[in-house]
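Chains, contacts and geometry: an overview
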Amino acid sequence: MIRKLHQNKKENQRSRKRASKGNSKWPFVRVDGCHLKTKYGGQLLIAVGRDPNDQYFPLALGVVENETKESWRWFIQILMEDIGQDKRYVFISNQQKEMFDRIEHRLCLRHLYANFKKFGGGTLIRDLMMGASKATYHQGWVQKMNELKKVDLDAWNWLMAVPTKCWCKHAFSFYPKCDVLMNNIFESFNTTILVARDKPILSICEWIRKYILNRVATSAHKLEKWQHRVMFIPRRRLDNEVFNSGHWLPTWSMNEKFQVTHNFNTQEFIVDIAIKHVAVTFGIWWEFLCRHVVVALSYRKQSHDDFVDECYTREKYAICYGFSVSPINGQDMWPKVEMNELPPLAYKQGPGRPRKVRIRESGEEGARKRRPGVAYKCTKCDQFGRNALTCKSLTQDPAALKRKRKVRAQKKATTAEEPTDAQSQPTNVQSEDIPKVVQNVEPANMENMEPTNVQNMEPTNVKSENIQEVV
């Protein structure tokens, strides 16, 4: 296998260069990990990009024992060596912010909100946080944060400690031309490989390789049927912006400058088509046309497709999937190479039955839900606002012990009833001893033996079949 990979090294390098060239206008990488459902466990680290059709583009994957800083540092280092360190990249992940000190990094808003939910507040705090993150200009962000400060000061202090460049749209850099807030594309790829995550390491790597092999060929074949400049999924987004631009009214200033006004509120923004400037973002428009630019272009009767960035075009899509993954023979035909055998992952057997389904978070579908409006007490100290896991009490409250969830008792084994005296006595005469008893009886006595003697014999000492033989 190693020799086969070395034989295709030059071809794979050329393929990666063509792919990176096709995605050169989009230096945005998503990284995350998922559990392997095998006996030995492990973590699968994956790096995913985005193609011109706004779909995921797998870049690299690696299998590690645990998701730690050392494993992430090893994975990111090899990834940067492969895609090249002479270019600026922007990463988005869930929690690995310590690994991107010298790299521009964004946090997934969904996982950031999972940590933010500890302050409670329900949908009010959630909507204020989401509104602040989606605000495209600074004044809108300040307005939402001031409302959050009035509702919950602790939540406001916790959120202000997170750098705004990691989770707010108005503070994102314009370089990657991407304003996504969540790592949903990786979750889509994770759902695709879900059927293979319970396989051994070599089997799952081969499954993913064959999936990418077929995906590249299928994507190149679909391109032949699409003749428009903008790809299919970005085209639907553009049509949606064209529909929503009907609520805005353009006012022509001079040259290519416009002032667009909303029909039902007081929002007004400046649009300069010449330098691609939109005041709603305090800079150039990013990856896609917004409704403010669309209404200005419609006023000048200019085509919307001509102003869409080239990272969404058909030409870039053809370059992105203009290579093929080399097929290889089966595992039984792999050449043998002289190398040290890789040790297996360290086996760690946890308590209880191994899990195949992850523990659901609070508020997620399938998670354990508490009854609304009911306050729970600690089963150790019998006080509100605590639980048995984090309680620091050294004594067990008797009242709380009564409410403690009972452990399911083991089923008691049914004991057999004690036998009676008559049933407990074993038979003294065996079948093989009966002939000896008959031989010891004199013939004369046998002739004079009365039949009542046989009937009066105790049946507990002689079995029924043995009585017939005696008679």
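Worth saying up front: this structure is predicted, and the values here are computed from it rather than measured.

Our next topic: the overall build of the protein. When helices and strands are counted, the protein shows 18 helices and 10 strands. Expressed as a percentage of contacts within the protein between residues at least 6 apart in sequence, the contacts between residues at least 24 apart total 59%. Total accessible area on the protein stands at roughly 31,600 Å², and carbon and sulfur atoms take up 52% of it.

Think of it this way: side chains of opposite charge can pair up when their charged atoms draw near. On inspection of all chains with the given rule, the structure shows 11 salt bridges. The salt bridge partner of R50 is D54, with a shortest N-O separation of 2.7 Å. Taking the relative accessible area as the measure of exposure, R50 reaches 4% and is therefore buried. R209 serves as the salt-bridge partner of E206, at 3.2 Å between the closest nitrogen and oxygen. Of this pair, E206 and R209 are both found in helix α9 (residues 201-223), three residues apart, which corresponds to roughly one turn of the helix. Salt bridges sharing common partners tie together R50, D54 and R237.

With respect to topology, five strands assemble into an open sheet ordered β3-β2-β1-β4-β5, the strand pairing being mixed. Both edges of this open sheet fall to β3 (56-64) and β5 (104-107), since each of them pairs with a single strand only. Within the sheet, the average angular offset between the axes of one strand and its neighbour, ignoring direction, is 25°. Pairing of strand β1 (residues 28-35) with strand β2 (residues 43-50), which is carried by six bridges, proceeds in the antiparallel orientation. Following the sheet pairing, G33 is matched in β2 by L45. Those strands touched by α9 are β2 and β3, and its axis lies near 170° from that of β3.

Turning our attention to the packing of aromatic side chains. A complete count under the given rule lists 10 aromatic pairs for this structure. On the basis of an interplanar angle of 65° and a centroid distance of 5.3 Å, the ring pair of Y56 and F189 is categorised as edge-to-face. With Y56 in strand β3 and F189 in helix α8 (residues 184-192), the pair connects residues that are 133 residues apart, well separated along the chain. Accessibility classification places Y56 together with F189 in one group, the buried group. Judged by centre distance (5.9 Å) and plane angle (85°), the rings of W72 and F75 are edge-to-face.

Further remarks concern the nonpolar core. A general feature of soluble globular proteins is that nonpolar side chains tend to end up buried together. The biggest cluster of nonpolar side chains holds 26 residues, and the ones touching the most others in it are F28, V271, I273, L289 and V293. For this core, the elements supplying multiple residues, two or more each, are β4 (90-93), β7 (257-262), β8 (268-272) and α11 (291-299). Looking at this core, the element that brings in the most residues is α11, giving five residues.

A few words now on the state of the cysteines. Tallied over the full model, the rule gives zero disulfides. Of all cysteine sulfurs, the one in C178 lies closest to C311, which takes part in no disulfide; the gap is 9.0 Å. The exposure class assigned to C311 is buried, which follows from its relative accessible area of 3%.

Quick notes on the rules
- Residue positions within a chain follow its written sequence, with the count starting from 1.
- This being a predicted model, a pLDDT of at least 70 is required before a residue's local features are given, and a value of 80 or more before pairs of side-chain atoms are given or counted; all residues contribute to the totals for chains, interfaces and linings.
- Where side-chain values are given, they derive from all heavy atoms of the structure, hydrogens and water being excluded.
- A run of DSSP states H or I qualifies as a helix once it reaches four residues; a run of E qualifies as a strand once it reaches two. Both are numbered from the N-terminal end.
- Throughout, a contact is declared for two residues whenever any of their heavy atoms are within 4.5 Å.
- For the area figures, the Shrake-Rupley method with a 1.4 Å probe applies, and any residue is considered shielded solely by the protein chains shown.
- Whenever Lys or Arg places a side-chain nitrogen within 4 Å of a carboxyl oxygen from Asp or Glu, that contact is recorded as a salt bridge.
- Type-normalised accessible area, obtained with a 1.4 Å probe on protein chains alone, sets the label of each residue: buried when under 20%, exposed when over 50%, and partly exposed for intermediate values.
- We treat two strands as partners when DSSP finds at least two bridges between them.
- To define axes, lines are fitted to C-alpha atoms, for helices over the stretch in contact only, and angles between the resulting N-to-C directions are given on a 0 to 180 degree scale.
- Side-chain rings of Phe, Tyr and Trp, where Trp is taken by its six-membered ring, are said to pair if the distance between their centres is within 6.5 Å; with planes under 30 degrees apart they count as stacked, over 60 as edge-to-face, and otherwise as tilted.
- Among the buried residues, those of types Ala, Val, Leu, Ile, Met, Phe, Trp, Tyr and Cys that are joined through side-chain atoms within 4.5 Å form a nonpolar core.
- The disulfide definition used here is simple: a pair of cysteine sulfur atoms within 2.5 Å.

Any link to function would need more than the numbers given here.
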